[in-house]
Protein chains: 2
Amino acid sequence: MSAFVCQNIESILPQLRIMCGDRVDTSFAMRLQHGSDETWNLDAPPDIVIFVKTTQEVSDIMTLCHLHTVPVIAYGVGSSLEGHYAAICGGICLDFSMMNAVLEVNEKDMDCRVEAGVTRKQLNMYLRDKGLFFPIDPGADASIGGMAATRASGTNAVRYGTMRDNVLNLTVVMADGQIINTAKRARKSAAGYDLTRLFIGSEGTLGLITQIQLKLALIPEIVISGVCHFNDLRGACETATEVLQYGIPIARMELLDNLQITAFNSYAKYHLPEKPTLFVEFHARDRNVITHEVSEFKNIAEQYGGTDIQIAEKTEDRNRLWKARHELFWANKSHWPGKDTLSTDVCVPISSLAECITQTHNDIKETNLVAPIVGHVGDGNFHVLIMFDKSSQQDVQKVKGFCDRLAQRAIDMQGTCTGEHGVGIGKRDYLLIEFGPAINVMRDVKRSLDPKNILNPNKIIVL
Amino acid sequence: MSAFVCQNIESILPQLRIMCGDRVDTSFAMRLQHGSDETWNLDAPPDIVIFVKTTQEVSDIMTLCHLHTVPVIAYGVGSSLEGHYAAICGGICLDFSMMNAVLEVNEKDMDCRVEAGVTRKQLNMYLRDKGLFFPIDPGADASIGGMAATRASGTNAVRYGTMRDNVLNLTVVMADGQIINTAKRARKSAAGYDLTRLFIGSEGTLGLITQIQLKLALIPEIVISGVCHFNDLRGACETATEVLQYGIPIARMELLDNLQITAFNSYAKYHLPEKPTLFVEFHARDRNVITHEVSEFKNIAEQYGGTDIQIAEKTEDRNRLWKARHELFWANKSHWPGKDTLSTDVCVPISSLAECITQTHNDIKETNLVAPIVGHVGDGNFHVLIMFDKSSQQDVQKVKGFCDRLAQRAIDMQGTCTGEHGVGIGKRDYLLIEFGPAINVMRDVKRSLDPKNILNPNKIIVL
């Protein structure tokens, strides 16, 4: 009797050890680290962890796993939130942290090529002297491979788009070990099916992304951040909507509700009024332009009750603000000590944002939850950060009911059950509601590219 | 013996007539119109043409065709250029021109929903009082369904993106008649596989697009067009490259070579110097901003030998210029009477654009072709408009050799064999060179979604 969840591993383990040596790790601690996350998803350690080094090696491993029907799961830095890498069928976890080379930067074309394990902060550090940056910022220092696989976005998406918009080409290892490139390096193409976009957001279920050609953006010459307080959530949401309708090319527009401001203040040593607040940022090439944009924003905000608008132009002030914004998870952990955290997200058409957030806020009160709301409101995307006790069955049921209602509310408003976190295990049921018969098409695609169901099996869809 | 190329049609024709009445057309003239184009692709009339009216009707037809293995080809306005709708296996052509309703406009969300047969000019006429427009402009008054199916772009793409970037949701009828929606209406989503992008550019081979939810853009408050002449192609290309590197948010940047200017002048009654020329356009919300952008452009152009920069701000002057730009096909037809036209396109990384255009220009001279070059140079995309005699075997061979070298040159420079025209029949061979093993993945996807190979068979890839 094998000790492995996936018993077929036994027969290929000696070959894996010959191929990868001591980069094959079967220790319990390593397996647990690669099979559990900060959320309420099941701890499901893989049977073994391999720290991969090259695309060819990933291909060799997939060839073996395909022959012997062994599940394979890709792992970046473990920052995903919906149980994406839980090894629910056992198998092998491929850790990409050793594939962390920036392979090329084409300054004139404003693109670069990286291995999947490069993190976004590492890349931006590498680029900092070139006047270019990689603009997708999900907060966590995620790996670029993981960000592509989950179609990540974050605070800058309102101006710079999501991973969908910023990848030119992917190197992908298919289920049977075949290595493909999904495109060349041109900015646009009408040649054949858009395989690049098919793999972006496929969460490792259709192929393993090993290299990514990324678009880069010019570092803006002038950056101004600001904070603006509102009497109610609706005023903040309406401001966001109108900023977009005026075509103000704002770079970030983040909503924090009053409860979130409370935790933010105590963690980051700020003294913001405990009111719904927009954090905004403007990027421009010219001082007159940015001054005009800031004044337009102020005019709109004031119409909706926005007051006490504070502007930060110094780099250190801006960095302090956004660093604190990105550490809300830890702010909440520290403000509600001992509580577990669940971060869920939905995204709705901007015209429904105020209504969706208001209804959700009421639901939080009625359900008696501790759950700050944080939104990338320029995209119609917002998060609810639920503080609860995952060992309490009652708490879990209450939170589950709330999440179900939230997803249904977003879908009813012609939105989506996840704007940026992805599906993993956590949102599979909502996907059926959101897509109806289109799920059959997704199933057909999955079956055709992974007929043995070995690539991150039972994530996104269950066959 | 049936008179049909696809003999299986015989058995379902009575049912089709019951379903669609006199919208089923078997006349030779109608069939020929729906199976021939302006290019050198084979005339291949479908066996019958049906003018469809609703998504449900398309679904009913597909259900029958799937049962009886009858090929189905979608037809918009017939402006595609690579033999996309040639009925090379016979079958039914579905003409979408009667599905031409604008179904909804959501002004606050800046999106709209249209039937596939709505044309882009019709849509922009419909929208004109709302301060919004649909920015993708391929020149021809193409149908939105056709533009989605071929991943169209055009002159505005450098600022507004291509069809890939401007579709929120598609209603698609699958090979077996199943009706799906690929998404909801949120601006971003991480929910499941990106079926929207899978169907965009699939040229009717994976499903039939019947409705499209489109993003719209704000009509710019101020628009300025300009014309600038250069001593050589390289100067014009380097200007385009540097404009992008400075981050000037130019809306259009079109290159016409000296030969093209000659035909342009004589057709449109202009008197531009017969030199490589950039047509540019700036869109902005503020006069100071646009004035600054125009002056930055002039500074860059002058560095590369750009002279005699003329600015047009009046709507009628701008319209006259762009209308003439969009009628180059007819300008060339009139300047070289009796000649056939072939318009081919490639797209390369911007750093290779000057070199690719220069080499191509030399190739045209060496091959002794009459072939003006026109480029959407802000994207690295350019067209060669070849004037030749398609009844001359020698001409055809010469042109074929040139096109082969052009595609190979673009691919060697990490570009693509088509930036916006698509593959159809004309570029299938190049796709094998461009994608290598990724073609197998495309084949797998095609087989899984259209197992009987009835959706526009043998376009893009041959199974």
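What you see is a predicted model, and the numbers here were worked out from it, not measured in a lab.

## Describing the overall build of chain A
Stage number 1. The number of helices and strands found in chain A is 16 helices and 18 strands.
Stage number 2. Its C-alpha radius of gyration of 22 Å places chain A within 12% of the 23 Å reference for a compact globule of 463 residues.
Stage number 3. For chain A, the spread of C-alpha atoms along the principal axes amounts to about 70 × 55 × 40 Å.
Stage number 4. Going through the 463 residues of chain A one by one, you find that 64% of them count as buried.
Stage number 5. The contacts of chain A with a sequence gap of at least 6 include a subset with a gap of at least 24, amounting to 71%.
Stage number 6. Of the roughly 16,000 Å² of accessible surface on chain A, 50% is carried by carbon and sulfur atoms.
Stage number 7. Side-chain charges in chain A split into 46 positive and 55 negative, and the spacing between the mean points of these groups amounts to 2 Å.

## Regarding the sheet that holds strand β8 (residues 167-173) of chain A
Residue and element names in this part refer to chain A.
Stage number 1. The strand order across the open sheet formed by 5 strands is β5-β6-β10-β8-β9, and the pairing between neighbours is antiparallel. Taken across any chain shown, the strands that pair with only one partner, and hence form the sheet edges, are β5 (102-106) and β9 (179-181). Mean inter-strand twist for the sheet, computed between neighbouring axes without regard to direction, equals 10°.
Stage number 2. Pairing geometry for β8 and strand β10 (residues 208-215), over 6 bridges, is antiparallel.

## Re the pairing of strand β17 (residues 373-376) of chain A
Residues and elements named next belong to chain A.
Stage number 1. Burial along β17 is two-sided: the face carrying Ile373 and Gly375 and the face carrying Val374 and His376 are both buried.
Stage number 2. Where strand β13 (residues 252-256) and β17 come together, 3 bridges link them in antiparallel fashion. Counterpart to Glu254 in the pairing with β17 is His376.
Stage number 3. Taking the residues between adjacent antiparallel strands as the criterion, β17 and strand β18 (residues 381-388) are bridged by 4 residues, where Gly380 takes a positive phi near 80°.

## Re the packing of helix α1 (residues 9-20) of chain B against helix α3 (residues 55-68) of chain B
Residue and element names in this part refer to chain B.
Stage number 1. As a packed pair, α1 and α3 sit with axes 11 Å apart at the nearest point and diverge in direction by 170°. Classed by the angle they form, the pair α1 and α3 counts as roughly antiparallel. Between α1 and α3, the contacting residues are Ser11, Ile12, Gln15, Leu16, Met19 and Cys20 on the first element and Glu57, Asp60, Ile61, Leu64, Cys65 and His68 on the second.
Stage number 2. Split by residue class, the contact of α1 with α3 holds 7 nonpolar, 3 polar and 2 charged.

## Comments concerning the packing of aromatic side chains
Centre-to-centre distance and the angle between the planes together describe a pair of aromatic rings.
Residues and elements named next belong to chain B.
Stage number 1. One pass over the full model with this rule turns up 14 aromatic pairs over all chains.
Stage number 2. When the centroid spacing of 6.1 Å and the interplanar angle of 80° are considered together, the rings of Phe279 and Trp322 count as edge-to-face. Of this pair, Phe279 sits in strand β14 (residues 277-284) while Trp322 sits in helix α12 (residues 315-326), placing them 43 residues apart in sequence.
Stage number 3. We classify Trp322 as buried; its relative accessible area is 5%.
Stage number 4. A ring pair is formed by Phe282 and Phe297, whose centres lie 5.9 Å apart and whose planes are at 70°; its orientation type is edge-to-face. Residue Phe282 is found in strand β14, and its partner Phe297 is found in helix α11 (residues 287-303); the two are separated by 15 residues along the sequence.

Rules used in this analysis
Residues numbered from 1 in each chain as written. Chains lettered and ligands numbered in written order. Predicted model: local features only at pLDDT ≥ 70, side-chain atom pairs only at ≥ 80, totals over all residues. Heavy atoms only, no water. Helix = DSSP H or I, 4+ residues; strand = E, 2+ residues; numbered from the N terminus. Rg over C-alpha atoms; globule rule 2.2 N^0.38 Å. Buried < 20%, exposed > 50% of the residue type's maximum accessible area, 1.4 Å probe, protein only. Contact = heavy atoms within 4.5 Å. Areas by Shrake-Rupley, 256 points an atom, 1.4 Å probe, with all protein chains shown as cover. Lys, Arg positive; Asp, Glu negative; His and termini not counted. Charge placed at Lys NZ, Arg CZ, Asp CG, Glu CD. Pairing = 2+ DSSP bridges. Axes fitted to C-alpha atoms, helices over the stretch in contact; angles between N-to-C directions. Parallel < 35°, antiparallel > 145°, perpendicular 65-115°, else oblique. Nonpolar A, V, L, I, M, F, W, Y, C, P; charged D, E, K, R; others polar. Phe/Tyr/Trp six-rings, centres within 6.5 Å; stacked < 30°, edge-to-face > 60°.

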